[in-house]
Amino acid sequence: MTLGLINANPVVHAKKERIARSDDPHADVDPLEIYDYVRDIRDPEHPYSLEQLSVLSEESITVDEKLGRILIMFTPTIQHCSMATVIGLCLREKLKDHFPPHFKVDIKVAPGSHANEESVNKQLNDKERVAAALENPNLRQLVDECLYSNEL
């Protein structure tokens, strides 16, 4: 194990079986579709997916078709997780071109799941802060590694 891990021994859960889905481009957006799309993002600190660490679940995603809103609530493995904003950036980056432009995507840590919940939520839902964060080459590389890792 690498020295200096914030959560050196996370609880790892089994991956769920994928459910066959329709490829109808006119079908409504639903939480399962979103979950299937983001569940394999690798955690920035461990070689496991967000699904395996129970950072994300189908139940933590809500969709309001009428209002064109998607809300993703994720739960860091520990309350003082320094990687919470990176996880949120990964989710935002993965979803940025996946839905019609009229959808607004909000990404938040689950209530009570992080010591700096308000600050993390503010950072993740401020377009200028997100854009600035992704201009940082080191942060961009970490996000890309989480999104495009084939090690899972």
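Scroll up a little and you will see the structure.
Since we're looking at a predicted model, the values are computed, not measured. (Residues numbered from 1 in each chain as written. Predicted model: local features only at pLDDT ≥ 70, side-chain atom pairs only at ≥ 80, totals over all residues. Heavy atoms only, no water.)

1. Observations regarding the packing of helix H2 (residues 84-95) against helix H5 (residues 137-148)
Running from N to C, H2 and H5 point in directions that differ by 65 degrees, and their axes come no closer than 10 Å. By the angle between their axes, H2 is roughly perpendicular relative to H5. Crossing geometry of H2 relative to H5 is assigned as right-handed. Counting all contacts with H2, which are made through Val86, Leu89, Cys90, Glu93 and Lys94, the residues of H5 involved are Leu139, Arg140, Leu142, Val143, Cys146 and Leu147. (Axes fitted to C-alpha atoms, helices over the stretch in contact; angles between N-to-C directions. Helix = DSSP H or I, 4+ residues; strand = E, 2+ residues; numbered from the N terminus. Parallel < 35°, antiparallel > 145°, perpendicular 65-115°, else oblique. Left-handed = near helix turned anticlockwise from the far one by under 90°. Contact = heavy atoms within 4.5 Å.)

2. Quick look at H5
Since the α-helix advances by 3.6 residues per turn, residues separated by three or four positions end up pointing in the same direction. Taking 1.5 Å per residue as the helical rise, H5 with its twelve residues ought to reach 16 Å, and the 16 Å between its terminal C-alpha atoms agrees with that figure. Among the structural elements, H2 and helix H4 (127-135) are those in contact with the buried residues of H5. The N-cap residue of H5 is Asn136: its side-chain oxygen and the backbone nitrogen of Asn138 are 2.8 Å apart. (Expected span 1.5 Å × (residues − 1). Polar contact = N/O pair within 3.5 Å; in protein donor to acceptor, adjacent residues only side chain to side chain.)

3. Remarks on the sheet that holds strand E2 (residues 69-74)
Read across the open sheet, the three strands follow the order E1-E2-E3; overall the sheet is mixed. Bordering the open sheet on either side are strand E1 (61-64) and strand E3 (104-109), each of which pairs with just one other strand. Shown here is a sheet whose adjacent strand axes are inclined to one another by a mean of 15 degrees, direction ignored. Summarising the sheet, E1 and E2 pair through four bridges and their orientation is antiparallel. Residue pairing in the sheet places Thr62 in a bridge with Leu71 of E2. Lying over the sheet, H2 contacts E2 and E3, oriented at roughly 160 degrees with respect to E3. On the sheet, helix H3 (residues 117-124) packs against E2 and E3 and is oriented at approximately 155 degrees with respect to E3. (Pairing = 2+ DSSP bridges.)

Geometry only, nothing functional implied.
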